[in-house]
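Observations on chain architecture
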Amino acid sequence: MDGNVAAGKKMSGIICYQVPKDFTSFEIRYSPSFWGNKKATFVFTKADVEAQAR
C-alpha cells in the first residue's frame, strides 16, 4: 500500500501473496513507520492457511 494519510486518519487495504503449494511457513515483516524502529513479524504455517480455508 502506498499513499498519504492525514494526521489522525487511518488507511486500510488488502495484500495478497502467492506461495508454492509445498511451502512450510511464510513470514511477513512490517515496519509501520519509515522513521521508527518498531517492527511486527507475522509467521504463517501451512496448517494456519489450511485451517482458514475450511
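Notes on the structure follow.

Conventions adopted
- Residues numbered from 1 in each chain as written.
- Predicted model: local features only at pLDDT ≥ 70, side-chain atom pairs only at ≥ 80, totals over all residues.
- Heavy atoms only, no water.
- Helix = DSSP H or I, 4+ residues; strand = E, 2+ residues; numbered from the N terminus.
- Rg over C-alpha atoms; globule rule 2.2 N^0.38 Å.
- Salt bridge = Lys/Arg side-chain N within 4 Å of Asp/Glu carboxyl O.
- Phe/Tyr/Trp six-rings, centres within 6.5 Å; stacked < 30°, edge-to-face > 60°.

Remarks on the overall build of the protein chain
Across its full length, the protein chain holds one helix and two strands. From first element to last, N terminus to C terminus, the protein chain shows the α and β order β-β-α. Taking 10 Å as the expected radius of gyration for a compact globule of 54 residues, we find that the protein chain reaches 15 Å, considerably beyond that expectation. Across its three principal directions, the C-alpha atoms of the protein chain cover 40 × 25 × 15 Å.

A word on the pattern of salt bridges
Applying the stated criterion to the full structure yields one salt bridge. Between Arg29 and Glu27 there is a salt bridge, and its shortest N-O distance comes to 2.7 Å.

Thoughts on the packing of aromatic side chains
Scanning the entire structure with this criterion turns up one aromatic pair. When the ring of Tyr17 is compared with that of Phe26, the centres are 5.2 Å apart and the planes differ by 55 degrees; the resulting orientation is tilted.

Everything listed is a geometric property; what it means functionally is a separate question.
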